[in-house]
Amino acid sequence: MRLWRFYRNLRSLGLFFSVCLALAVAGSADDVYAGEVTAPAASTVQKAPQALAAPTSSNPAASSNPPAPADRSDLTRSQDRKPAAGRTGSVLGLSWLPAFCETKAKRPECLGQTSERADARALTLAGLWPVRNSFCKVSEALQAQDRKRDWLALPAVPLPTELATKLAVAMPGVASGLDRHMWLRSGSCQTLEPDAYFSLQIRLLEAVNRSAVGALFRSKVGLDITEAEVRAAFDTDFAAGAGERVRLQCRKVGDRTLVTGLTIGLSATMDEASDLATSMLGAAPIRSRCSAGLLDAAGSSRQLRSRNEAVVGTVGTGASRAGAAIELR
């Protein structure tokens, strides 16, 4: 009888422990599901690497292989990633005037040029033109007048006196009517008013001349300069990858290859307030056409260009035929 009671008590005790164990397991499962359901998605993602971390127990095997720092490697990959290729909407042309004047010595902007003049030691404006677009809503009569290249006979660009004076310094070709030509050819195909259109160009030019690019050109007068050096300078002072949007422009004069300037691809979404770095990175990379050339000093070996002179480089990727005719000044 006593043995029977002991057996019954033993069975009851076992059942009690079984029930407790089942409740504990069920409770743990409920906690896991509750955590997964109530935790925000972002929080779940952020905490995922922590679930894989090695335990801080006394198990040496578990702690000897710590997980890779995923977040840090992702950041490194993001920093190293090259900017995505954008779409070029316009091209900024910058000129090296001493080289232009080698073959255009009789142009008003070339008369009396010496090494002391500012435009003999810095890049100057050639213009800002849209890709695949020119002479928008310009009359046939004005287009015919423009083709005669007597640009001073074109209508004057309405600019405030102070801005006009500043533009004449930044764009020496104003002396030959280059501003009038550029306004008809390219300014007619964008939405900015004349003062905003030319103010934007002056601001972009000044940014280049104040940068490592301007310093590089000043240090290379009379010496060879390479496109690789120029692109590296753009990468240094503007943004990694900016140099890929720059093309060195060159012209063959006799047995010399002269650097006549630069063309810079700019984003199709650039506006009046855009900074140069952002505008460049928003454009597509451009292929090289001239790898190196002589950065001519003012007054060096002036000679008229022959009709069969070879030309190296063009004004920019995707530029129109009309754009290709623009000479960097």
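If you're wondering where the values come from, they're calculated on a predicted model, not measured in any experiment. (Residues numbered from 1 in each chain as written. Predicted model: local features only at pLDDT ≥ 70, side-chain atom pairs only at ≥ 80, totals over all residues. Heavy atoms only, no water.)

Peer 1: Tell me about the layout of surface pockets, residues and numbers included.
Peer 2: There is about 370 Å³ of room inside the largest pocket. Along the wall of the largest pocket there are 19 residues; nearest its centre are Ser-90, Cys-189, Gln-190, Thr-191 and Met-270. Listed by contribution, the elements that provide at least two residues to the lining of the largest pocket are β1 (88-95), β2 (124-130) and α9 (194-210). Looking at the lining of the largest pocket, the element that brings in the most residues is β2, giving 3 residues. (1 Å grid on protein atoms, 1.4 Å probe; cavity = no way out; pocket = protein on both sides within 12 Å on 5 of 7 lines; lining within 4 Å. Points joined across faces, edges and corners; volume = space filled by probe spheres on them. Helix = DSSP H or I, 4+ residues; strand = E, 2+ residues; numbered from the N terminus.)

Peer 1: Tell me what's going on with helix α10 (residues 212-219), and back it up with residues and numbers.
Peer 2: Among the residues making up α10, those that are buried are Val-213, Gly-214, Leu-216 and Phe-217. Along the axis of α10, the buried positions cluster into a sector of 160°, meaning they face one direction only. Considering only its buried residues, α10 is in contact with α9, β3 (224-226), α11 (227-237) and β5 (256-267). Its side-chain oxygen placed 3.1 Å from the backbone nitrogen of Val-213, Ser-211 serves as the N-cap of α10. (Buried < 20%, exposed > 50% of the residue type's maximum accessible area, 1.4 Å probe, protein only. Arc of directions from axis to C-beta. Contact = heavy atoms within 4.5 Å. Polar contact = N/O pair within 3.5 Å; in protein donor to acceptor, adjacent residues only side chain to side chain.)

Peer 1: So what's going on with the state of the cysteines? Which residues, and what values?
Peer 2: One pass over the structure, following the stated rule, counts 3 disulfides. Between Cys-101 and Cys-110 runs a disulfide, and the two sulfur atoms are separated by 2.0 Å. The sign of the S-S torsion, about -80°, decides the handedness of the disulfide formed by Cys-101 and Cys-110: left-handed. For Cys-110, a relative accessible area of 6% puts it in the buried group. A sulfur-sulfur separation of 2.0 Å characterises the disulfide bridge that pairs Cys-136 with Cys-189. Residues Cys-136 and Cys-189 are joined by a disulfide whose S-S torsion is about 105°; by sign, that bridge is right-handed. Of this pair, Cys-136 sits in the loop between β2 and α6 (140-147) while Cys-189 is found in the loop between α8 (178-185) and α9, placing the two residues 53 residues apart along the sequence. For Cys-189, a relative accessible area of 17% translates into the label buried. Sequence-ordered numbering of the bonded cysteines in the protein chain yields a pairing of 1-2, 3-4, 5-6. (Disulfide = S-S within 2.5 Å.)

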